[in-house]
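# Coordinate analysis (summary)
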Amino acid sequence: MKLNQIHHVAIIVSDYEKSKDFYVNKLGFEIIRENYRPLKDDYKLDLKLGDCELEIFGVKNPPKRPSYPEACGLRHLAFSVENIEEVVEELHRLDIPCEDIRTDDFTGKKMTFFFDPDGLPLELQEK
């Protein structure tokens, strides 16, 4: 078997418009397509960042994401950045709090976490 790369990651959000604003207007994802699905009464938003896509499903009353202790399943999304300090400063200007920048014990790279509107952990890792 030869898998080439990860094509997309899909997440379910509790507030579609808030999450759309966060990922598109604050983080800079590009909208590929946006659809309302009447049979499921939800929205599906396909976004692009670099070569990877993110699917956002806006559903009514999804169950809360377990976080501490962490549950089995998606742990976080990670973004590669050139200069972590600059990105953290920009997130702060957008009123998006970040954890302190630290060094990954295994890679020796600078990293930090922030969270999307539903509390999904998002990681920044400097190249």
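Analysis parameters
- Residues numbered from 1 in each chain as written.
- Predicted model: local features only at pLDDT ≥ 70, side-chain atom pairs only at ≥ 80, totals over all residues.
- Heavy atoms only, no water.
- Buried < 20%, exposed > 50% of the residue type's maximum accessible area, 1.4 Å probe, protein only.
- Helix = DSSP H or I, 4+ residues; strand = E, 2+ residues; numbered from the N terminus.
- Arc of directions from axis to C-beta.
- Contact = heavy atoms within 4.5 Å.
- Polar contact = N/O pair within 3.5 Å; in protein donor to acceptor, adjacent residues only side chain to side chain.
- Pairing = 2+ DSSP bridges.
- Salt bridge = Lys/Arg side-chain N within 4 Å of Asp/Glu carboxyl O.
- Core = buried A, V, L, I, M, F, W, Y, C linked by side-chain atoms within 4.5 Å.

### Describing helix α1 (residues 16–26)
Those residues of α1 not exposed but buried are Tyr-16, Ser-19, Lys-20, Phe-22, Tyr-23 and Val-24. Buried positions in α1, seen along its axis, are confined to an arc of 170 degrees and lie on one side of it. Opposite the buried face of α1, at more than 90 degrees from it, the exposed residues are Glu-17 and Asn-25. Residues of α1 that are buried make contact with β1 (8–13), β2 (30–37), β3 (42–49), β4 (52–58), β7 (110–115) and β8 (121–126).

### Digging into the side chain of Glu-55
Locating Glu-55 in the fold gives a position in strand β4. Since its relative accessible area comes to 13%, Glu-55 is described here as buried. Looking at Glu-55, its side chain comes within polar contact range of the side chain of His-8, at 3.4 Å.

### Quick look at the sheet that holds strand β5 (residues 77–81)
Read from one edge of the open sheet, 4 strands run β5-β8-β7-β6, paired in mixed fashion. With partners counted over all chains shown, the strands left at the sheet margins are β5 and β6 (102–103), one partner each. By the bridge criterion, 5 bridges tie β5 to β8 in an arrangement that is parallel. If you follow Ala-78 over to β8, its bridge partner there is Glu-123.

### As for the pattern of salt bridges
All chains considered together, the criterion is met by 10 salt bridges. Among the salt bridges present, the one from Lys-20 reaches Glu-34, with a minimum N-O distance of 3.0 Å. Of the two residues, Lys-20 sits in helix α1 while Glu-34 sits in strand β2, which places them 14 residues apart along the sequence. Residue Lys-110 is joined to Glu-85 by a salt bridge in which the shortest nitrogen-to-oxygen separation is 2.7 Å. Of this pair, Lys-110 sits in strand β7 while Glu-85 sits in helix α2 (residues 84–93), placing them 25 residues apart in sequence. Salt bridges sharing common partners tie together Arg-33, Lys-44, Asp-46 and Glu-55.

### So, the nonpolar core
Counting residues in each nonpolar core, the largest one holds 23 residues, and the members touching the most others are Tyr-23, Leu-47, Leu-54, Ile-56, Phe-114, Leu-122 and Leu-124. Counting residues per element, this core draws most heavily on α1, which supplies 4 residues. Excluding its chain neighbours within four sequence positions, the residues that come into contact with Ile-56 are Ile-11, Val-13, Tyr-23, Tyr-43, Lys-44, Leu-45 and Leu-47.

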